[in-house]
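Take a look at the letters that make up each chain.
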Amino acid sequence: MKKALLLTMTAGMAAALAACGGETEEEQGQESSEQESSEQESSEQAEGYPVTITDGMGEEITIEEEPENIVSLLPSNTEIAFALGLGDQIVGVTDFDTYPEEAQEKQSVGGLDFDVETVLSLEPDLILTDSSAVQNSEEGLNQLEEAGAEILVVNDATSFEETYNTINMIGQATGTEEEASSIVETMEEDVASIEETASAISEEDRKTVWVEVDAPPNIFTTGQNTFMDEMLDIIQADNAAAEEEGWVPYTEEDVVALNPDVIVTTYGFRVENSTENILNRDGWSDVPAVESEEVHDLDSDLVSRPGPRLTDGLQQMAEVVYPDVFTEEQ
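A. Structural detail: the environment of E252. Of note, E252 is situated in helix 10 (residues 252-258). Owing to a relative accessible area of 30%, E252 belongs among the partly exposed residues under this scheme. As for E252 and A215, which are separated by 37 residues in sequence, their C-alpha atoms are 10.0 Å apart. Once you skip the residues sitting within four places of it in the chain, E252 turns out to touch P216, I219, R281, D282 and W284. A polar side-chain atom of E252 sits 2.9 Å from a polar atom in the side chain of W284.

B. Highlighting the pairing of strand 4 (residues 90-93). Inspection of the sheet shows strand 3 (residues 70-72) paired to strand 4 by 2 bridges, in the parallel sense. Bridge assignment links I70 to a residue of strand 4, and that residue is I90. Traced from strand 3 through helix 3 (residues 75-83) to strand 4, the parallel crossover comes out right-handed. Sheet topology note: the strand 4/strand 5 (residues 107-108) ladder contains 2 bridges and is parallel.

C. Structural detail: the packing of helix 9 (residues 227-234) against helix 14 (residues 310-321). Here helix 9 crosses helix 14 at 55 degrees, and the two axes come no closer than 10 Å. With respect to each other, helix 9 and helix 14 are oriented oblique. Seen from above, helix 9 lies across helix 14 with right-handed handedness. Along the contact surface, helix 9 presents F227, M228, M231, L232 and I234, while helix 14 presents L310, G313, L314 and M317.

D. Focus on the environment of A192. In this fold, A192 is placed in helix 8 (residues 177-198). With relative accessibility at 41%, the residue A192 sits in the partly exposed group. Placed 42 residues apart in sequence, A192 and I234 show a C-alpha to C-alpha distance of 9.0 Å.

E. A look at the side chain of R281. Considering the arrangement of structural elements, one finds R281 in the loop between helix 11 (274-279) and helix 12 (288-291). Beyond its immediate sequence surroundings of up to four residues, R281 is in contact with E212, P216, I219, E252 and Y267.

F. Helix 3, seen in detail. Burial of helix 3 is extensive: 8 of the 9 residues sit out of reach of the surface. Looking at the residues trailing helix 3, positive phi occurs at G85, about 85 degrees.

G. Representation of the confidence of the model for the protein chain. Mean pLDDT over the protein chain: 88, with 85% of residues reaching 70 or higher. Contacts for the low-pLDDT stretch residues 1-23, under 50 throughout, to residues beyond four places or in other chains number 4 contacts. pLDDT under 50 marks residues 41-45. Its contacts with residues more than four places away, or in other chains, come to 0 contacts.

H. Structural context of helix 9. The buried fraction of helix 9 amounts to 6 of the 8 residues, a majority that puts the element mostly inside the structure. Those residues of helix 9 that sit buried are F227, M228, D229, M231, L232 and I234. Once helix 9 ends, the next one or two residues include Q236, with phi positive near 65 degrees.

I. Structural view of unusual backbone geometry. Along the chain, Y99 connects to P100 via a cis peptide bond; the corresponding omega equals -5 degrees. Position of P100 among the secondary structure elements: in the loop between strand 4 and strand 5. For the peptide bond that leads from P216 to P217, omega is 10 degrees, which places it in the cis range. Mapped onto the fold, P217 is located in the loop between strand 8 (208-212) and strand 9 (219-222). At Q236, a position not held by glycine, the phi torsion is positive, near 65 degrees. With respect to the secondary-structure elements, Q236 resides in the loop between helix 9 and strand 10 (238-239). Positive phi is not limited to glycine here, since E293 has a value of about 55 degrees. Position of E293 among the secondary structure elements: in the loop between helix 12 and strand 13 (295-297).

J. Quick look at the sheet that holds strand 3. Read from one edge of the open sheet, 5 strands run 5-4-3-6-7, paired in parallel fashion. One side of each edge strand has no neighbouring strand; the edge strands of this open sheet are strand 5 and strand 7 (151-154).

K. Representation of a negative patch on the surface in the model. A cluster of acidic residues, E64, E65, E66, E68, E123 and D125, forms a negative patch on the protein surface. Mapped onto the elements of the fold, E64 is located in the loop between strand 2 (60-63) and strand 3. For E64, a relative accessible area of 52% puts it in the exposed group.

Conventions and cut-offs
- Residues numbered from 1 in each chain as written.
- Predicted model: local features only at pLDDT ≥ 70, side-chain atom pairs only at ≥ 80, totals over all residues.
- Heavy atoms only, no water.
- Helix = DSSP H or I, 4+ residues; strand = E, 2+ residues; numbered from the N terminus.
- Buried < 20%, exposed > 50% of the residue type's maximum accessible area, 1.4 Å probe, protein only.
- Contact = heavy atoms within 4.5 Å.
- Polar contact = N/O pair within 3.5 Å; in protein donor to acceptor, adjacent residues only side chain to side chain.
- Pairing = 2+ DSSP bridges.
- Right-handed = clockwise from strand over helix to strand, strands pointing away.
- Axes fitted to C-alpha atoms, helices over the stretch in contact; angles between N-to-C directions.
- Parallel < 35°, antiparallel > 145°, perpendicular 65-115°, else oblique.
- Left-handed = near helix turned anticlockwise from the far one by under 90°.
- pLDDT = per-residue confidence, 0-100.
- Patch = residues over 30% accessible without salt bridge, like charges linked within 9 Å, V, L, I, M, F, W, Y side chains within 5 Å.
- Areas by Shrake-Rupley, 256 points an atom, 1.4 Å probe, with all protein chains shown as cover.
- Salt bridge = Lys/Arg side-chain N within 4 Å of Asp/Glu carboxyl O.
- Lys, Arg positive; Asp, Glu negative; His and termini not counted.
- Charge placed at Lys NZ, Arg CZ, Asp CG, Glu CD.

So, in structure tokens, the structure goes:
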């Protein structure tokens, strides 16, 4: 009888616990499993940090945690960060960051001579710059570093391959490696597609292109180790200044002597009637590009700023040099 009473009491207690929200062993096991799963997911999210990166200066830096507040001191890095989906984390940009439009809504920290106090007031977890800016803004960057700011110096990219490295580096630093890989893969596919189309251009149909990045009285062009030189190579065109290195000055007489088939300018955003000015230059009437009116202005950012839009610049370059081969649908 006592045994029957005990069984009755045990059953009653179990029922009471169930009614009051008490958990059975099966429910407790399920909760424990869910908790372990949640902890595992949290652990997986934290994987990758701290992360050690060899930066654009060849130095190793360690980022302890995923950045929440990012200040970009370079328009190209800003474009890359937004493309990686880091728009919400970007808290500061420079006066020159015009793309995407959302970048213009962010706090400006100045130009090349950024304001150190403004940068620090934004409490950045990560500051993005590049190796060329290190030379131009060394004092300001040293002050930021002394204040404890984490600075990622990416490489000063001058080629598509170096741009891919920059995108991957920023992706690694910000926990967006998959997004970075996807962007690079898309860019590589676009370049390969344009290169394949250009392969149909015969040697006798190749055109010589003069790229003018600054107007008289100080004419400048781009030689080897520049994006535009690489773009011309990809689309089977010859750079009129291929023997030069980097960005170099030229005289009008020297340009005329090159006899380019096409002239491309990149300063139309700041020089009114840039193409018309070339068509009407004294002494240029016999230049093949002027005779055929093959003078075009391209968006400077698309052909000189390392970032995801470089392939758009390559497409535009291809279309103005070989309009019969490349179309907007390419």
